[in-house]
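For reference, the chains in residue letters:
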Amino acid sequence: MDRDFRKKTFRGAKIEDIIQEFERLIQLCEQNRDKSDSLDRQRFYEGMAIAYTTVSLKLKGEFDYIEAEAVEQLCHAAEKTGANSPTVANYTDSCSFCGKSKSDVGELALGPGVSICRDCLQFGVAVIDSQSPKG
């Protein structure tokens, strides 16, 4: 890696200072992504963190150019991980197993896109226990 970036300037600013600012922005985006309940906001912050990381690596001289295929691969990777990200918006207000509403069964255990009531959870535990080999 070319360490000469520490001596270079861009419009009067030291490149090293610009890189540090990008790294701070990467951390901020990652924190905001983790705090957000909105899938759209999570995706926005993920994209910004990727963009800041790319620019930071370019300024450090880690690569000369980025191919269009690499950008496409990043996009596909983000789509795959984003589809599986649990968000509050994906939770349901009824048990995914018996279909009873939260108002009928009380609290629900929440998962990405699913919920389960206490009765169904206890039934599931009983089924698993019955199928486990006896020690």
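Refer to the structure presented above.
Residues numbered from 1 in each chain as written. Predicted model: local features only at pLDDT ≥ 70, side-chain atom pairs only at ≥ 80, totals over all residues. Heavy atoms only, no water.

Visitor: Just checking my understanding: could you explain the overall build of the chain for this structure?
Guide: Along the backbone of the chain there are five helices and four strands. Along the chain, from the amino end to the carboxyl end, the secondary structure elements read β-β-α-α-α-α-β-β-α. Burial statistics for the chain: of 135 residues in total, 20% are counted as buried. Residue pairs in contact within the chain that sit at least 24 positions apart in sequence constitute 35% of those at least 6 positions apart. With an accessible surface of roughly 10,000 Å², the chain has 53% of that area assigned to carbon and sulfur atoms. (Helix = DSSP H or I, 4+ residues; strand = E, 2+ residues; numbered from the N terminus. Buried < 20%, exposed > 50% of the residue type's maximum accessible area, 1.4 Å probe, protein only. Contact = heavy atoms within 4.5 Å. Areas by Shrake-Rupley, 256 points an atom, 1.4 Å probe, with all protein chains shown as cover.)

Visitor: When you look at the nonpolar core in this model, what are you seeing that I'm missing?
Guide: Nonpolar side chains tend toward joint burial in soluble globular proteins. Counting residues in hydrophobic clusters, the biggest one holds ten residues: Ile15, Ile18, Ile19, Phe22, Leu25, Ile26, Cys29, Tyr45, Ala49 and Tyr52. Mapped by element, the contributors of at least two residues to this core are α1 (15–35) and α2 (39–59). Per-element accounting of this core gives the leading share, seven residues, to α1. (Core = buried A, V, L, I, M, F, W, Y, C linked by side-chain atoms within 4.5 Å.)

Visitor: What's the story with the packing of aromatic side chains in this structure? I'm lost.
Guide: Think of a pair of aromatic rings as described by two things: how far the centres are apart, and how the planes are tilted against each other in angle. One pass over the structure, following the stated rule, counts two aromatic pairs. A ring pair is formed by Phe22 and Tyr52, whose centres lie 5.6 Å apart and whose planes are at 40°; its orientation type is tilted. Highlighted residues: Phe22 in helix α1 and Tyr52 in helix α2, separated in sequence by 30 residues. Here the two residues Phe22 and Tyr52 agree in accessibility, since each one is buried. Consider the rings of Phe44 and Tyr45, whose centres lie 5.4 Å apart with planes at 65°: the pair is edge-to-face. (Phe/Tyr/Trp six-rings, centres within 6.5 Å; stacked < 30°, edge-to-face > 60°.)

Visitor: How should I be thinking about α2 in this particular structure?
Guide: Quick reminder: α-helices carry 3.6 residues per turn. Residues three or four places apart thus point the same way. With 21 residues, α2 extends 30 Å from end C-alpha to end C-alpha; this agrees with the ideal 30 Å at 1.5 Å per step. Buried within α2 are the following residues: Gln42, Tyr45, Glu46, Ala49, Tyr52 and Ser56. The buried side chains of α2 occupy one side of the element, clustering within an arc of 130° when seen end-on. Those residues of α2 that are buried are in contact with α1. Of the residues one or two after α2, Gly61 is the one with positive phi, at around 80°. (Expected span 1.5 Å × (residues − 1). Arc of directions from axis to C-beta.)

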